[in-house]
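Residue-level listing of the chains:
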Amino acid sequence: MTDTKHHESEGASLQGRLFRPQTSAELAEAVEQAFDYRGDVTLRLGTGAAITGYIFNRGTTGGHAYLEILVEGEASPRQVDYRDIRELVFSGEDTASGKSWDVWVAKKESQRAAEAAQVANEARARGHL
């Protein structure tokens with residue numbers, strides 16, 4: 001699989017990377033990464049067409065693999081067969097990149113505040129405050 005962006009570190013964002021899978025296994029791996037990506041992906045098809053959207057599902061039925069993508073401005077999702085995909089570009093902003101620590105801290109602060117409020121309410125109910 002050709003990856004046109006250098007890998008800086010393990011867990012780095014895929015944003016901006018372009019994959020040209022050479023085998024069905026490489027394509028399946030790239031689709032899995034696109035499925036986990038929290039941003040838009042551009043698919044370049046064998047017909048020359050490009051589809052940009054958010055991949056929300058993938059699977060196999062009747063012996064062929066497919067993905068489902070939400071395309072902005074379209075009422076229904078599109079289903080794209082893996083065999084039609086020539087390139088995957090992680091084109092949209094990765095909305096989760098670099099935010100995991102900030103999200104964890106905010107969640108912990110919220111939990112601690114809720115616990116403190118509960119303890120204070122229980123103390124008031126017992127007449128201690």
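Up top is the structure.
Within any chain, residue numbers begin from 1 and follow the written order of that chain's sequence. Since the coordinates come from a predicted model, pLDDT governs what is reported: local features require at least 70, and pairs of side-chain atoms require 80 or more to be given and counted, while whole-chain, interface and lining totals use all residues. Side-chain measures here rest on the full set of heavy atoms in the structure, leaving out hydrogens and waters.

1. As for the side chain of threonine 42
- Positionally, threonine 42 belongs in strand β3 (residues 41-45).
- Type-normalised accessible area, obtained with a 1.4 Å probe on protein chains alone, sets the label of each residue: buried when under 20%, exposed when over 50%, and partly exposed for intermediate values. Accessibility expressed as a relative area gives 9% for threonine 42, which makes it buried.
- By definition, residues are in contact when any of their heavy atoms lie within 4.5 Å. For threonine 42, the residues in contact, after removing those within four places along its chain, are Ala50, Ile51, Thr52, Glu87, Leu88, Val89 and Ser91. Elements are defined by DSSP. Helices are runs of H or I of four residues or more, strands are runs of E of two residues or more, and each kind is numbered from the N terminus.

2. Considering the packing of aromatic side chains
- Aromatic rings from Phe, Tyr and Trp, with only the six-membered ring used for Trp, were paired whenever their centres fell within 6.5 Å, and each pair was classed as stacked if the ring planes differed by under 30 degrees, edge-to-face if by over 60, and tilted otherwise. Tallied over the full model, the rule gives two aromatic pairs.
- Their ring planes at 80 degrees and their centres at 5.0 Å tell us that tyrosine 37 and phenylalanine 90 sit as a pair that is edge-to-face. Note that tyrosine 37 is positioned in the loop between α1 (24-36) and β3 and phenylalanine 90 in the loop between β7 (85-89) and α2 (100-125), a separation of 53 residues in sequence. For the pair tyrosine 37 and phenylalanine 90, one class covers both residues: buried.
- A network of ring pairs unites the aromatic residues Phe19, Tyr37 and Phe90 as a single cluster.
- Two conditions define a charge sitting above a ring: the NZ of Lys or the CZ of Arg must be within 6 Å of the ring centre, and it must be within 35 degrees of the ring normal. Just above the ring of phenylalanine 35 sits the side chain of arginine 58; from NZ or CZ to the centre is 3.6 Å.

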